[in-house]
Amino acid sequence: MDGNKDNDDGISGGGKNNSRRLLVAALVSAALLTGAAFAAAQPGLFFLARPAEAAQHTATRANGSGGASAVSPMETVSLDGVTVSFGVQPETVHAFDRATIRVEIADAESGAPLSHVDWAIIVKNPAGEEVYKTSTSHTHLGVHEFSYAFLEPGRNTVSVQIASLGPEMMGMDVPKEAQTRIFKSGDPMRSPEVDETFFFGSRSHDFVVDVAGQGGVKELASDNGAKVELELSTNPLNIVAGQPTTLVFNVRDAATGKNIMHPDALVSIKQGRFLHSASAPAGSPMMPMSGAYHGHTGEMALTTVFPAPGVYAIRAEVNSLPVSDIQFGHVKAEYRILVSENGGGGGGKAADNGTSNNNNSGNDDDDDNDNTGRVSILGQAAPYYAPASITVKKGQPVTFVNDDFVIHTATSTDAAPQDAEPAATGLFDTGILAHGEEKAVTFDQEGTYNYFCQVHPYMRGTVTVTG
């Protein structure tokens, strides 16, 4: 018997290779049968045969309310005979929240998906470091989908590399059921017989995912049926253990996007069983009675230091008051945030709140650090403005910069600093300044000008203008 030839029984010589081929074919057939059975139960699966309909798909908000949320449109690139489409759900991706990434590959000429494709997916953080990689992914119907939680806000990159499967691999014949084909038939069982093969080699492309800070927006259904948006943002974006972090809540009407005036919020921060901080119990079915965060303009902020790295749960219970312009009742939400040990790629230094600019002399030798004419709005704790009293020359502008995390104004008043009920005079007004916004006011006449915040009238400051 010649050991280099197959006999009729297929036992000697090439029998081992034949057995291997049969095993591969059996596995492929099983996979195709499974796919066909799944497709029969999931009629929407074969929309892939109609690429124009695959550009959008339904997403659900992270809060589990079941409401539809916007999905980013698929970004499509043409790569020498094939098209690759890339999409992320939800439309706005926040750090540490899980996002679903969907990549589709199709024949550029017909638009039909390509079956049996190998993939390598690499995710790089804003610093260009690899933070996720798979080089052994394979798809049967032209779609690769997976979930990933981006840990760092900023410009993240998803590198997509695809390769076709030809008729031979490692000196072995690849069964036709496992070769890359143009999936025009839409039927996995008929595809090996009727769909043409397409061995395109390999292609690659980098897609960008701009990741926002931790927190995000949740649309909530209240106990009286109203729809409310509750947003949590953080400063800094990358939270570092042992460094100050400000949490900002914003309450809006989901239908209009308008801030809801005068909500109250009870907030707790917890890591595992460790309760870091918590508001007092509500004490009343209508409103908190023993202390709550209050948002005159819909914004509420708190600053804290997270003692250790890890995952923290931020729980907020928000209610409207009889004085609120929209009576939404009660809503509650929980956010999970990641506190790092060293700040990662985004750095952990908290924003400067302007407290170092308490001089008004303007005689700093370094022009870059000359803060003459700059007033930092610090917020609702004394001294409110820094400097609280500033002296400038006639004609010199004073720039008011909101370094707090809720809105404020600097508005002229005739009331003395100790007057509890100041009224605006109309001489100057910065208008509402959100965090980071600024407004310059120029004083052309000598004198002393008192001012206050129209949102928080007890916040008081003075500008003295000399000749």
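See the structure shown above.
Residues numbered from 1 in each chain as written. Predicted model: local features only at pLDDT ≥ 70, side-chain atom pairs only at ≥ 80, totals over all residues. Heavy atoms only, no water.

Here we come to the pairing of strand S25 (residues 330–340). In S25, alternate side chains face the same way, and those of Val331, Ala333, Tyr335, Ile337 and Val339 are buried while those of His330, Lys332, Glu334, Arg336, Leu338 and Ser340 on the opposite face are not. Relative to S25, strand S18 (residues 239–240) is paired through two bridges, and the arrangement is parallel. For Val240, the partnering residue across the bridge sits in S25 and is Ser340. (Buried < 20%, exposed > 50% of the residue type's maximum accessible area, 1.4 Å probe, protein only. Helix = DSSP H or I, 4+ residues; strand = E, 2+ residues; numbered from the N terminus. Pairing = 2+ DSSP bridges.)

Taken together, four strands build an open sheet; the order of strands is S3-S4-S6-S10 and the sheet is antiparallel. Both edges of this open sheet fall to strand S3 (75–79) and strand S10 (143–149), since each of them pairs with a single strand only. Taking each pair of neighbouring strands and ignoring which way they run, the sheet shows an average axis angle of 20°. Here strand S4 (residues 82–89) runs beside strand S6 (residues 98–107); their pairing, made up of eight bridges, is antiparallel. Within S6, the residue paired with Gly87 across the bridge is Arg102. (Axes fitted to C-alpha atoms, helices over the stretch in contact; angles between N-to-C directions.)

Moving on: the pairing of strand S8 (residues 117–124). With six of eight residues buried, S8 is to be regarded as a mostly interior element. Inspection of the sheet shows S8 paired to strand S9 (residues 130–139) by seven bridges, in the antiparallel sense. Considered in S9, the bridge of Ile121 is made with Thr134. Here S8 folds back onto S9, and the loop between the two strands holds five residues, one of which, Gly128, carries a positive phi near 85°. As judged from the eight bridges shared by S8 and strand S11 (residues 154–164), these two strands associate in the antiparallel manner. Directly across from Ala120, in S11, lies its bridge partner Gln161.

Next up on the list: the nonpolar core. Ranked by internal contacts, the top residues of the largest apolar core, which has 29 residues, are Ile105, Phe150 and Val158. Taken together, the elements giving at least two residues each to this core come down to S3, S4, S6, S8, S10, S11 and strand S15 (202–212). Once residues within four sequence positions are removed from consideration, Ile105 is found in contact with Val82, Thr83, Val84, Pro113, Leu114, Val117, Trp119, Gly142, Ile162 and Phe200. In terms of nonpolar packing, the next biggest core, distinct from the first, is built from 26 residues, Leu230, Ile239, Val251 and Leu302 among them. (Core = buried A, V, L, I, M, F, W, Y, C linked by side-chain atoms within 4.5 Å. Contact = heavy atoms within 4.5 Å.)

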